[in-house]
Every structure is written in structure tokens, then in C-alpha cells.
Amino acid sequence: MDIEQKIQALRDELRQHNHNYYVLDNPTISDYEFDIKLKELEKLEEENPQLYDANSPTQRVGGGITKNFETLVHKNRMYSLDNSYSKEDLLDWEKRIQKMLGSDDIEYTCELKYDGASINLTYENGTFVKAVTRGDGFQGDDVTTNIRTIRSLPLTLQTDFVNDFEMRGEIILPLDGFQKMNEERLANGEEAYRNPRNTASGSLKLQDSAEVAKRPLDCLLYQVVTDERKYTTHYDSLKAARNAGFKIPDTIILAKTIDEVFEFVNTWDIKRHDLPYETDGVVIKVNNLQQQEELGYTSKSPRWAIAYKFKAEQVSTVLNEITYQVGRTGAITPVANLEPVQLAGTIVKRASLHNADQIEKLDIRERDTVFVEKGGEIIPKIIAVDLSKRPEDSEPTVYATHCPECQTELIRTEGDAKHYCPNTYGCAPQITGRIQHFISRKAMDIDGLGGETVDLLRKEGLIESYADLYDLKVEQVIPLERMAEKSAQNMIDGIEQSKQIPFEKVLFALGIRFVGETVAKKLAKHFKSMDNLMAADFETLVTVDEIGDRIAESIVEFSNDLGNIRLVNRLKSYGVQLEVSAESLENQTDKLNGNVFVVSGVFHQMSRNELKKAIEDNGGKVSSSISKKTNYVVAGDNMGPSKKTKAEDLGVTIISEQEFIEMIN
Ligand SMILES: NC(=O)c1ccc[n+]([C@@H]2O[C@H](COP(=O)([O-])OP(=O)(O)OC[C@H]3O[C@@H](n4cnc5c(N)ncnc54)[C@H](O)[C@@H]3O)[C@@H](O)[C@H]2O)c1
Ligand SMILES: [Zn+2]
């Protein structure tokens, strides 16, 4: 991978994590790991300024907007915060701002960093008007109705404050409320929520505000934004806001020196465990609003503030047993079953052990006392073993040799960290997992059929593969547990409708190892049909753009398997889309073949995504940063000035949206 590809790959990966975190409220890596990757990208971009991209995750607030709410544009942009993990970082920050202000007469405020979801509240004439999530910083979701259910939020102000202003704050879920919600869920046989932050953020996006009202959400405020010059310091404006009825934690202090800031950090690093809600750090701000204005903002965060993040929490507990989980591809994941322990506000019972190497590297054994860490992550990690507490008769862990579900001997191929159960068509979790993947939203998107029902159908012997779904009859389904005529009919209808799902999604749904959503799209576009794809040999496959050895090998293996050939033929006979439809072929041309496009700015006749799709449909390639390889920049309104200069410097042709449309028509 060259440096450009590396940067691109990191950007793509981080974008996906942002989406998981902010839009789906379902992160798949820990915050710590996320921050390390972000720092890595920052460093690479700094070393390679020619690859600058205003859309990089380093330059943008990570949040997103959902389709479920009206999108509203923020009157004043909402920023993120610069992060620091050490006192040196704070000293550097102090030096930087002293230099910029040309003064060392700076006073700071120290606040706790409340861990929830950011919100912007608009007040006009002292009355609450609307509440919008941070979104991408420019625009967010209008969640006013949901926010109105939070009782501590003043809807009208008692005392004289400012007339028109925005109040910024964090929607949080206090720990005891979170625990209660989880007790109820467990009692109802539902899965527990993972952590307060994601639950708070997810609650805001519920469609039914009566449901939101049942949740013990709270709102802690930390900034007044107004054009009225009534207060000269951040501290005074917050104090006045508190008098006006806003919930502003009284943990905030004024610090005259950075040493006083350190003291605050040290105190709260310990005392935070006594708070009724979660905090993940301290936010230090320049107190004087005039100085704040002088310092201004970077593309992502204010220069006048910085967050100091507390170190991840650690506890020690006993590892009772190592068990093994089987995924849909047959991959085995070892799991540590722990003596339940309280960690960062939740009770932890399990930790992931990743793979055999990890167990060996840390020499993790059953009955060991282990250190478990959780930095806002979902599944905590074992980071070390407390050897002083190892039982005398302890024996090194012998990794599983056979599948815990079907007792088949496990295999491990050279260079792969994971063990696999090769019993693809006879191992229950693999069969269920494959079908669950097949019906999932991004694949065949089958309404009326859920993961648990798939498991039930398999156990009842009604399905063994995804092709079997298409043979199901309403009469077979009705007798099942918790099924009624209506739900059975919905399910069969949903399966019928999935026959309209376009080929690229079907290809993804098949669950070929290493063929994710993007790869499936590429392959569908290139080969146009499943027959062509399955007829392609390794050499042909690797000539396709971005298809490497590993993917090619996996496809060849899939295509040569008799069972798969039968499955695909059955799907074809049911009418599932196994080729690109004539309609979408019609919109595809080679007009832009070999040309690389960069799209920048805001467009009028088509959305950015439509534009990108049009480029790809006509044989062009879309790249996110301008380089020597770029042929055209399609410029909309507000194209970034640095992009423009760069395009001009490199002699890249800049065209308008209209010119682009003419190009393809
Ligand atoms: N695990 C993942 O996949 C994943 C993905 C994306 C982001 N993240 C995590 O999210 C964080 C980045 O998110 P971010 O951009 O929202 O930044 P951030 O949460 O680190 O800091 C900015 C936010 O802090 C909040 N805040 C709380 N108390 C505050 C106070 N007293 N004053 C001012 N602001 C206060 C504000 O809402 C503000 O928007 C990182 O910790 C990152 O690790 C994780
Ligand atoms: Zn198995």
C-alpha cells in the first residue's frame, strides 16, 4: 500500500466507525482504539500535506444525521473538542494559546466532561423553541419533542437572562437510572444495554416520545452562545444561566494557573467515581470571551478549549472459564467468562480474548486473576494477568481443537490468526449465522423475519440454507411458537419481496468470505451476473480494480463448491436477482472510462451521492482527494478554497455540475 492508499484506508475505516458510533449508536471498537487510529491519520496527513482533504475525519465533526427526523441547520456551528491524554499535552496547549494571544494573563475554567450526546437548545424571548443534535456540526436532527420530556429542562426562564440564545449541553443517562432500565430489560428476557452514553444517544432518536419520557434522561449544560454582550466571561455566563434555571453542575471552577488545572484533574480522576453520572475527562476553557474570540476555531474544534481524557478504567477479577464462539463464517472467538465485576458503571461478565495468539502472548489461564480494562468500549479487554495470584496447580491454556457446536476438528491456515470450523454446512451457528446475514438490512432486507425466527426455523428443520426460505409456506410457519397468521403472512411476503433486491446486494447476502458490501458492488458492476463471476478464474478476478489475492481466492473457492453451485441455481430458479437488471445497465456507459473525479461542494440538481453514483455508472472513478491522478474536479457551491488552489496548482480541470451533466448525456 502506498501512502495515499494508506491514508484513504484509514479515512474510510474511521468514517465507518463514526457512523457506527454516532448514527447507529453501536460502536465496534473502543474509543481508545478509535483515538489511536485518528491520531495516526493526523500524523500521516501532517507529513503529507498534498493529500489534504477537508472531508477527512480529522477535519470534521464525526456525527451524522438520521433519516428519522427533520434536518435543521445550526445557526452557530457545533464543534468537537481537541483531546489530550497527558499533562505535557496541556502544557503545550497553554504555550500555544499564550503565543497566539501574546499574553500569559489567561484564566481558565475547569469543567467535567459529561459523557452523553451533545445537544443544542434554542431559546427565543426566554422560551424554549427547539433542540437539535450536533449531527455533523453544520446540521443535526430536530429532536425537540423528545427533549421536551426531560423534566429538568426549563421551558421558560424565570429571571432576567439574555433574550435570544443557544444553550449547549449534554444529554446523559444517570447511572442508577441506567441500571434500573437494565434490570427491567433482563427481567423481560431482553438483552442489557451496553453503556449509558450509547443508550442516552439512542434514546434521543426514538420515534415515540412517550417512550423517551419513560427514560430517566437528564441534561447538563455547559455553554451559552449569544450575540448579546451581557457577560464577559464563560464562568459568569454559566452562573447566570444556572440562576435562570439551567442545570449547570457546580463542579465547575475557575483556575488562575495551569497548576490549578492539574489539581482539578487529579481530584476528579478519583472523585468522579462518586458522581451519579459518567464522565470521561475534564474540559479546560479560556474564561475570557474576548480571548476566546481571538483564538477562534480550527476546522474541527475551538482553540480556546481542550479536553483532558481520564485513563481507561481497570479492575481485576477472576477468569472462571474460557469458552468458544462460532461465527457465521466458522471463525472461532475465545471468550473469557469472568467473575462478575463492576467496571465503569456496568457489570462485566465476559471479555473477548480475540484468538489463540492473544491467549498465548498474555499466557492467560482459567482461574487466573486478570486485569480488565474498559475505555468506553463495549466488550472489555483483558490486558494482563496478575501472576502473583496464579493458583499453584495452574496449567497453560490448551486452545480448543474441536468445534464446541459440532465437534469437527478446527483448522487454522497459515497467516490467519483465527481458527475455523470447516463444517460449513453442518455446523448450527454457521447455518443460522449465514441465513441471518442473508436476511439482514444491508443484504436482502427481509421484512417480517428476524434473527431469532431464523434460529427457530432451523431448529424445527424447516430451513437449512437461505435458499430454503423461498420454499417456506404460510401453513408451515403458523404453528411455530409466537407466530400468528398475520406475522406468518408478513414473513412470507417479505421473502417474496426480496426477489426484487438488486444483484449487488444479493451478492453481498451470499456471505462469501471477504466479499463485503463495497467489494460486492465492485464485482457486480464488473461481472454483471453471478454466472460470469462464478466462471471467472483467479487471474481474471485479480485484474479487477481493488480485488486482491485473498478475495479472489475466496471467490474461486466458493464458485468451485458443488453445494454453492446448487444453492445459486436454486436462488435463480426462485427469481432472485442474480444479474444486473436491464434498467440499471441502461444507465451505465463507458463515457467516463479511465477518468478520476473529485467531487467538492454543494450541488443543486443531484445530491452528492447521486453525483458519485453517476460517475461510477459511467465508468469513472471517484477519489476523495485531489492528486496528480485526478482528471476532473466537479465543483459545487462553497468548494473549499484549499481544494481549489490545489486543483489549479496541479492543472486539474474544474467543471461545474451542469458541465458534468452534459458530459454524461
Ligand atoms: N469507538 C468508536 O467507534 C468511536 C467512533 C467515533 C468516536 N468515538 C469517540 O468519541 C469521541 C469523539 O467524539 P466527539 O467528537 O464528540 O468529541 P468528544 O466527545 O471527545 O468531545 C466533544 C464533546 O464533548 C462534550 N462535552 C461534555 N462535557 C463538556 C463540557 N463541559 N464542555 C464542553 N463540551 C463538553 C460536548 O458534547 C462536545 O461535543 C472520542 O472519545 C472517540 O473515541 C468513538
Ligand atoms: Zn462447527
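Everything numeric in this text was worked out from a predicted model, so none of it was measured.

Caption draft 1: Seen up close, helix α6 (residues 196-204). With respect to burial, α6 is a largely interior element, eight of its nine residues being buried. What α6 keeps buried is the set Pro 196, Arg 197, Asn 198, Thr 199, Ala 200, Ser 201, Ser 203 and Leu 204. At the N-terminal end of α6, a side-chain oxygen is found 3.2 Å from the backbone nitrogen of Arg 197, two or three residues along, and the residue is Asn 195.

Caption draft 2: Here's a closer look at the coordination of the zinc ion (ligand 2). In this structure, Cys 403 (SG), Cys 406 (SG), Cys 421 (SG) and Cys 427 (SG) serve as the protein donors to the zinc ion (ligand 2), at separations of 2.2 to 2.3 Å. Geometry at the zinc ion (ligand 2) is tetrahedral, judged from its four donor atoms and the angles of 100 to 115° they form at the metal. All donors of the zinc ion (ligand 2) come from a single chain, and their spacing in sequence reads C-x2-C-x14-C-x5-C. Overall, the relative accessible area of 0% leaves Cys 427 in the buried class.

Caption draft 3: Focus on the pattern of salt bridges. By the definition in use, this model includes 34 salt bridges. In this structure, Asp 35 engages Lys 309 in a salt bridge whose closest nitrogen and oxygen atoms are separated by 3.9 Å. Here Lys 309 lies in strand β11 (residues 305-309) and Asp 35 lies in helix α2 (residues 31-47), a separation of 274 residues in the sequence. The class of Asp 35 is buried, set by a relative accessible area of 14%. Overall, the relative accessible area of 12% leaves Lys 309 in the buried class. Across the salt bridge formed by Asp 160 and Lys 230, the nearest N and O atoms sit 3.2 Å from each other. Taken together, the positions of Asp 160 in the loop between α4 (144-147) and β7 (165-172) and Lys 230 in the loop between β8 (218-225) and α8 (234-243) put the pair 70 residues apart, joining distant regions of the chain.

Criteria and cut-off values
- Residues numbered from 1 in each chain as written.
- Chains lettered and ligands numbered in written order.
- Predicted model: local features only at pLDDT ≥ 70, side-chain atom pairs only at ≥ 80, totals over all residues.
- Heavy atoms only, no water.
- Buried < 20%, exposed > 50% of the residue type's maximum accessible area, 1.4 Å probe, protein only.
- Helix = DSSP H or I, 4+ residues; strand = E, 2+ residues; numbered from the N terminus.
- Polar contact = N/O pair within 3.5 Å; in protein donor to acceptor, adjacent residues only side chain to side chain.
- Donors = N, O, S within 2.8 Å, 3.2 Å for Na, K, Ca; no water.
- Tetrahedral: all angles 85-135°; square planar, octahedral: opposite > 155°, others 65-115°.
- Salt bridge = Lys/Arg side-chain N within 4 Å of Asp/Glu carboxyl O.

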